[in-house]
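# Examining the three-dimensional arrangement
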Amino acid sequence: MKKKRATIKDVARELGLSIATISRALSKDKKVSALVTEETRKRVLQKVDELDYTPNLLALGFVTGKTNTIGLLTHRISREMSANQVVHILTAAKRHDYEIVVGMPTERFPRTEDDQIKDIKKLLSRGVDGLLIDARGVIVESEVILHAVGELVPVVTFHHPIPNLSGVVLNNTTSFCEATEHLIRLGHERIGFIGTDWDTNRLGSDKGRGYLMAMQKHGLTPERVAGRTGFLERAYKLGKKLGDRFTALVCRSDYTALGVCRGLRESGLRVPDDVAVVGYGNIEVGAYMAPALTTLATPYEEIAQAAVELMLEQLEGQDELRQITLETPLVVRESCGANRPK
């Protein structure tokens, strides 16, 4: 027969104390746990061990007003980049005794505004103290989030700037400008950009604007390679068709760069001898491909630390909205023609 799980009522009954007292004694919030004596707290912890009781965080939240959980909403989880970011956020939150409840898409892609609202409300129903949101980077996102959350909990976004919310943003424009100038310094002039149109406000257009800035600064003709190139297979097919159109390529992501490199090789072109390639994201496999991929390294750990820092500020009562901007450093390897093995 399955053993019945102990509840907070069982702990309270065994000790002759109220459920509220048990909740306060178990709270990770020092201000709350200080409401009971040290002797009582030790008695509670001992009984918890005896009964093998695991606290129900949602139930504790009803008593203490705090569950020590933060909701993390991501609109993608299938790739190394997003999974890497989630791991670092889990680690950063753990350092401050917070648990993370992850909400992720299980239905369609791309996600719509209604989908995002549903996902937010699901996390709020878990009694989380705050929300960390991997921003989709669309124009109406601020309105969508504020409508769904109201003033229930503090919100911190990351990766893309969202008006009227605290967040961590990446300076992709400056980074892509630096990557393009690196190729120019290596002697390239026919440099193509594979990514979102820089004349739009769509997700990723800031990368294109960085590329454009560098090309115009050096009097070179910018050229964007059109198409949905965010997936390996499509980038691979594109690489097979490019021919000698460019001597260098700046790619929207490492996955795009990997696909393009394979396509170029199958079309008879060599990387970097015929075409230099730069990616974005610094996925682990990029360092081990041949040639090793030059890339802009997303600072996952720094993003996580900054996002959790902003969340803690709001949980502690700071109302001022704040944006933290991080740089994406260029990691020079072999695919750009530099750092090639002798």
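Whatever comes next refers back to the structure up there.
All figures in this text were calculated on a predicted structure; none of them were measured in a lab.

Grouped together as the largest cluster of nonpolar side chains are 43 residues, with contacts concentrated most on Leu132, Val168, Leu183 and Ile191. In terms of residue count, helix H13 (residues 300-315) provides more of this core than any other element does, 8 residues in total.

Another point: unusual backbone geometry. Glycine aside, the phi torsion of most residues is negative, and most peptide linkages are trans. Cis peptide bonds are those with omega within 30 degrees of zero, and the linkage from Val271 to Pro272 qualifies with 10 degrees. With respect to the secondary-structure elements, Pro272 resides in the loop between helix H12 (254-266) and strand S9 (276-280). For the peptide bond that leads from Ala290 to Pro291, omega is 0 degrees, which places it in the cis range. Checked against the element boundaries, Pro291 lands in the loop between S9 and strand S10 (294-296). Its identity as a non-glycine residue notwithstanding, Asn282 has a phi of 60 degrees, on the positive side. Mapped onto the fold, Asn282 is located in the loop between S9 and S10. In this structure Asn282 comes out as partly exposed when scored by relative accessible area, which is 27%.

A separate point is the side chain of Thr328. Within the secondary structure, Thr328 sits in the loop between strand S11 (323-326) and strand S12 (330-331). If we ignore the near neighbours within four places in the chain, the residues touching Thr328 are Leu170, Asn172, Ser175, Tyr280, Leu296, Ala297, Thr298 and Pro299.

This paragraph deals with the pattern of salt bridges. One pass over the full model with this rule turns up 13 salt bridges. Taking the shortest distance from any N to any O, the salt bridge between Arg262 and Glu266 comes out at 2.8 Å. Of this pair, Arg262 and Glu266 both sit in helix H12, 4 residues apart, roughly one helical turn. We classify Arg262 as partly exposed; its relative accessible area is 46%. Measuring nitrogen to oxygen at the nearest pair gives 3.2 Å for the salt bridge that ties Asp274 to Arg270. Here the residues in one salt-bridge network are Glu14, Lys47 and Glu50, joined through shared partners.

Axis separation between helix H1 (residues 8-15) and helix H4 (residues 38-51) bottoms out at 10 Å; the angle between their running directions is 120 degrees. Considering their axes alone, H1 and H4 lie oblique with respect to each other. Crossing of H1 over H4 shows right-handed handedness. Within the contact between the two elements, H1 uses Asp10, Val11, Glu14 and Leu15 and H4 uses Arg43, Val44, Lys47, Val48 and Leu51.

All right, on to the side chain of Thr157 then. Residue position: Thr157 is located in strand S4 (residues 155-159). Given the relative accessible area of 0%, Thr157 is considered buried. Filtering out sequence-adjacent residues up to four positions away, Thr157 remains in contact with Ile133, Ala135, Ile145, Ile162, Leu165, Ser166, Gly167 and Val168.

The first and last C-alpha atoms of helix H9 (residues 172-185) sit 20 Å apart over 14 residues, in line with the 20 Å expected at 1.5 Å per residue. Among the 14 residues in H9, 10 count as buried, and that is most of the element. Considered for burial, the residues of H9 that qualify are Asn172, Ser175, Phe176, Cys177, Ala179, Thr180, Glu181, His182, Leu183 and Ile184. Within two residues after H9, Gly187 carries a phi angle of roughly 105 degrees, on the positive side.

Turning next to the sheet that holds S12. Ordered in space as S7-S6-S8-S9-S10-S12, the 6 strands form an open sheet in which the pairing is mixed. For this open sheet the edge positions go to strand S7 (223-225) and S12, each flanked by a neighbour on one side alone. The sheet contact formed by strand S6 (residues 191-194) and S7 spans 3 bridges and is parallel. Of the residues in S7, the one forming a bridge with Gly192 is Glu223. Relative to the sheet, helix H10 (residues 205-217) contacts S6, S7, strand S8 (248-251) and S9, its axis offset from that of S6 by approximately 170 degrees. Each of S6, S8, S9 and S10 is contacted by H12, which is oriented at about 155 degrees to S9, the strand it contacts most.

Conventions we followed
Residues numbered from 1 in each chain as written. Predicted model: local features only at pLDDT ≥ 70, side-chain atom pairs only at ≥ 80, totals over all residues. Heavy atoms only, no water. Core = buried A, V, L, I, M, F, W, Y, C linked by side-chain atoms within 4.5 Å. Buried < 20%, exposed > 50% of the residue type's maximum accessible area, 1.4 Å probe, protein only. Helix = DSSP H or I, 4+ residues; strand = E, 2+ residues; numbered from the N terminus. Contact = heavy atoms within 4.5 Å. Salt bridge = Lys/Arg side-chain N within 4 Å of Asp/Glu carboxyl O. Axes fitted to C-alpha atoms, helices over the stretch in contact; angles between N-to-C directions. Parallel < 35°, antiparallel > 145°, perpendicular 65-115°, else oblique. Left-handed = near helix turned anticlockwise from the far one by under 90°. Expected span 1.5 Å × (residues − 1). Pairing = 2+ DSSP bridges.

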